[in-house]
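Take a look at the letters that make up each chain.
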Amino acid sequence: MNSDRSSPAVTRIQALSKVAIALSETLSLDQLLYKAVAHCIEILNFDAAVVYFLDTEGQHFVASHFHGIDHASIAHLQTLPTDSIGGIVIKNGKTVITEDLAPYHRQRPQVEGFASLLSVPIKARKQTIGVLDVFSKAYRDFSPEDITLVESIGLQIGVASENAKLFESIASVTGKLRELVQLNQRLASCLHLDSLIKLLTSELGSVFKANVMFLQKVDDQTVLVHASAPQSDISVPYEEQVRTLLHEKPDVIHVYHENETDPLSPFFLQFNMKQAVYVPFVYDDNLHCLLIGKTCGEPWSATEREVMEGITRTISLALTNCYLFQEVEKGREQNSHLRALQISAQEKERQRIAQEIHDSINQSLSGMYFHLQYCRDEIEHSPQRVKAILDKLLLITKANINELRHVIHDLHPLAIQKFGFVGAVDELVKTFSLQEIIQIHLSVSGQPVRFKPEVEIHLYRVIQECVNNIIKHAGAGEAFIRMTFDDAKLRIVVEDHGCGFEPQKVKESHAYGIMGMETRVRDIGGEMVLTSKPGHGTKIEIGLHFGLRGGGLRL
């Protein structure tokens, strides 16, 4: 008797065990649902079954698997509104039994071949996420055991489907992480901005299955938009909406959702983006913004947000690397150009010195040589005439000595060795003043400091170049040189009230004078700032800390 009573229970347990084993054999959601539905029909002798899940917006039921339904009816049963029988199951979370489907045949002619329906909830984490419908062609009185068994299968489907979705999510995350690692490697090796932008727009579009754009400010009027879609880059005005995107907090993910009241909506709508994330990037005055947008309302997953967080830091670092490399390349180009200019200037200086020696000292020495020969031959016959010639030769010799001193001073001012560069500058100022070329006012405050010889000659040459530039280009009648020595720093200011100029234009023309001064100051560990404006004169400020490469020592 006990054995007879336990037989149906044992059968139900065996049936559930069979379904559980079948569901545990796969993590593929399609295979899982197929096995669940097939075993449900087989065990309970039903004729058909359908598994429905709510769509992401909760507005419709979407069929995930059919069994025993003819092809003509599948199209009509693929999507059902939530006001159907399944809607009651979802709303109450309880099973709905329809032993006679005849009253519903007019409303749902696709189920005319079936007489009875059992709709049980599919639950996961205590939430009803779908419905399992099982059909019988004959009228059927569902027993409590049948209902319990189908409900148990529905619960198993819910748990198994969640596990399958979790597995798919993990597989998706793993795939995205693999793509992200590979992308990071490519970004790290990308040192040119154009290549970096192309890589970002193409690769991120693939990773996120979304439209990717990269905004790059070109100037105060224009922003260039690079897009992942197969279209040419476009220019947009640097107006309020674009300005807002570029000036948001940098290196931070900002989120946009379609909203008519959002002032950014017109910008995103022109690219058919219903929602997007955007990240501004800033390097000095260079403004950029990465946009990843979707044309649908589906929200970003937690995994996608994590990937975005990771890629944001990588992009920021990659952009920094690109600009640093750009600066290094520009520095190399400038140094190469400067070396060429230095070599050219050195050659011109050699030619100038050679020409000066040839035109003055060499010619004078040649004349002296012939006069001395004459004196030697005539000293016994015309001593008075020879004496007059020797007096003249003494004057020529003195003039040659002064000329030679001038050449030597240009090569290396001797006053630097004796009095330091301050004394040498004072001598330079007096020379120009005596020649009435320009009136220079020199002021020195604080206790002067001596530096290493190479530092002092660099400082002297920079001041000498400043004065030469004022004479050649400024059109000023006077100049001012101020030196200030404090406890830790020397500050030099050379200023005129001449015609002035545009510093950026001069730098772009690779002016050797200014580039040479900057290089000299940088080589001794100092700082130089040039300020000028057309019609407002020019000021050059030089700062040098004691104890750095200059090796300043207080006297």
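The rules behind the values
- Residues numbered from 1 in each chain as written.
- Predicted model: local features only at pLDDT ≥ 70, side-chain atom pairs only at ≥ 80, totals over all residues.
- Heavy atoms only, no water.
- Helix = DSSP H or I, 4+ residues; strand = E, 2+ residues; numbered from the N terminus.
- Buried < 20%, exposed > 50% of the residue type's maximum accessible area, 1.4 Å probe, protein only.
- Contact = heavy atoms within 4.5 Å.
- Areas by Shrake-Rupley, 256 points an atom, 1.4 Å probe, with all protein chains shown as cover.
- Expected span 1.5 Å × (residues − 1).
- Phe/Tyr/Trp six-rings, centres within 6.5 Å; stacked < 30°, edge-to-face > 60°.
- Lys NZ or Arg CZ within 6 Å of the ring centre and 35° of its normal.
- Pairing = 2+ DSSP bridges.
- Axes fitted to C-alpha atoms, helices over the stretch in contact; angles between N-to-C directions.
- Polar contact = N/O pair within 3.5 Å; in protein donor to acceptor, adjacent residues only side chain to side chain.
- Salt bridge = Lys/Arg side-chain N within 4 Å of Asp/Glu carboxyl O.
- Core = buried A, V, L, I, M, F, W, Y, C linked by side-chain atoms within 4.5 Å.
- pLDDT = per-residue confidence, 0-100.

K.L.:
It is not clear to me how the overall build of the chain should be interpreted in this structure. Could you clarify?
P.N.:
Helices and strands together make up the secondary structure of the chain, namely 14 helices and 19 strands. Of all 555 residues assigned to the chain, the portion counted as buried reaches 41%. A separation of at least 24 residues holds for 60% of the contacts in the chain among residues at least 6 apart in sequence. Counting every atom, the chain has about 31,100 Å² of accessible surface; 53% of that belongs to carbon and sulfur.

K.L.:
Is there a simple way to explain helix H12 (residues 453-474) in this structure?
P.N.:
Along an α-helix, a turn takes 3.6 residues, which lines up residues three or four apart on a common side. Taking 1.5 Å of rise per residue, 22 residues should cover 32 Å, and H12 covers 30 Å from first to last C-alpha, within 8% of that figure. Note on H12: the residue one or two positions beyond its end, Gly-475, has a positive phi of about 65°.

K.L.:
For this particular structure, what's the right way to read the packing of aromatic side chains?
P.N.:
Working definition: an aromatic ring pair is given by the centre-to-centre distance plus the angle between the planes. The full count for this structure, using the stated rule, is ten aromatic pairs. Look at Phe-267 and Phe-268: their rings are 5.6 Å apart centre to centre, the planes differ by 90°, and that puts the pair in the edge-to-face class. The structure contains a cluster of three or more aromatic residues connected by ring pairs, namely Tyr-256, Phe-267, Phe-268, Phe-271 and Tyr-278. When the ring centre of Tyr-238 is taken as origin, the NZ or CZ atom of Arg-243, which lies over that ring, is 4.7 Å away.

K.L.:
Whenever I open this one, the sheet that holds strand E11 (residues 275-283) confuses me. Can you help?
P.N.:
Neighbouring strands of a sheet are bound in pairs by backbone hydrogen bonds; such pairs are parallel or else antiparallel. The six strands are arranged E9-E8-E7-E12-E11-E10 in an open sheet whose pairing can be described as antiparallel. Both outer strands of the open sheet, strand E9 (234-237) and strand E10 (254-257), are each paired with one neighbouring strand and no more. Averaged over neighbouring strand pairs, the angle between their axes works out to 25° when direction is ignored. Two strands pair when backbone bridges link them, and strand E7 (residues 211-217) and strand E8 (residues 222-227) are joined in this way by five bridges, in the antiparallel orientation. Bridged to Leu-215 within E8 is Val-225.

K.L.:
I would appreciate a short explanation of the sheet that holds strand E6 (residues 127-136) in the present structure.
P.N.:
Within the open sheet, the six strands sit side by side as E3-E2-E1-E6-E5-E4. Their pairing is antiparallel. Edge positions in the sheet fall to strand E3 (79-81) and strand E4 (96-98), since each of these pairs with one other strand and no more. Sheet twist, expressed as the mean angle between neighbouring strand axes with direction ignored, is 25°. Here three bridges tie strand E2 (residues 60-67) to E3, and the two strands are oriented antiparallel to one another. Bridging from a neighbouring strand, Phe-61 pairs with Leu-80 of E3. Seen against the sheet, helix H4 (residues 85-92) touches strand E1 (48-54), E2, E4, strand E5 (116-124) and E6 and runs at an angle of roughly 140° to E6.

K.L.:
Looking at this structure, how should I read unusual backbone geometry?
P.N.:
Most peptide bonds adopt trans geometry, and most residues besides glycine take a negative phi value. Even without being a glycine, Asp-251 presents a positive backbone phi close to 60°. We note that Asn-272 has phi near 60°; this positive angle belongs to a residue other than glycine.

K.L.:
Hey, could you run me through the side chain of Asn-211 in this one?
P.N.:
Relative to the assigned elements, Asn-211 resides in strand E7. Here Ser-228 takes part through its side chain, which lies 3.1 Å from a polar atom of the side chain of Asn-211.

K.L.:
When you look at the pattern of salt bridges in this model, what are you seeing that I'm missing?
P.N.:
Opposite charge on two side chains allows them to pair when their charged atoms are near. On inspection of all chains with the given rule, the structure shows seven salt bridges. Across the salt bridge formed by Arg-376 and Asp-377, the nearest N and O atoms sit 3.5 Å from each other. Judged by relative accessible area, Arg-376 falls into the exposed class, the value being 60%. Residue classification places Asp-377 among the partly exposed residues on the basis of a relative accessible area of 45%.

K.L.:
Would you mind showing me how to read H4 here?
P.N.:
Burial in H4 covers these residues: Ile-85, Gly-86, Gly-87 and Val-89. The elements touched by buried residues of H4 are E2, E4, E5 and E6.

K.L.:
In this structure, what is going on with the environment of Lys-294? I would like to understand it.
P.N.:
Along the chain, Lys-294 falls in strand E12 (residues 286-294). Residues Lys-294 and Lys-274, 20 residues apart in the sequence, show an inter-C-alpha distance of 6.0 Å. The contact partners of Lys-294, leaving out residues within four places of it in the chain, are Ala-210, Asn-272, Met-273, Lys-274, Gln-275, Pro-299, Trp-300 and Glu-304.

K.L.:
I would appreciate a short explanation of the nonpolar core in the present structure.
P.N.:
Proteins that are soluble and globular tend to have nonpolar side chains buried together. Phe-421, Phe-451 and Met-483 are the most contacted members of the largest nonpolar core, which totals 40 residues. Elements represented by at least two residues in this core include exactly helix H11 (414-434), H12, strand E15 (478-485), strand E16 (489-496), helix H14 (512-523), strand E17 (527-532) and strand E18 (538-545). Per element, the largest residue contribution to this core is ten residues, and it comes from H12. Among the nonpolar cores identified, the runner-up in size contains 31 residues, and Ile-197, Phe-208, Ile-311 and Cys-322 belong to it.

K.L.:
Teacher, can you tell me more about the confidence of the model for the chain here?
P.N.:
Keep in mind that low pLDDT regions are not for reading the predicted coordinates in detail. Averaged over every residue, the pLDDT of the chain is 79; the share at 70 or more is 81%. Low pLDDT (under 50) marks residues 1-6, which in the prediction has zero contacts with non-local residues, meaning those over four places away or in another chain. Confidence drops under pLDDT 50 across residues 549-555; counting only partners more than four residues distant or on other chains, this segment forms 27 contacts.

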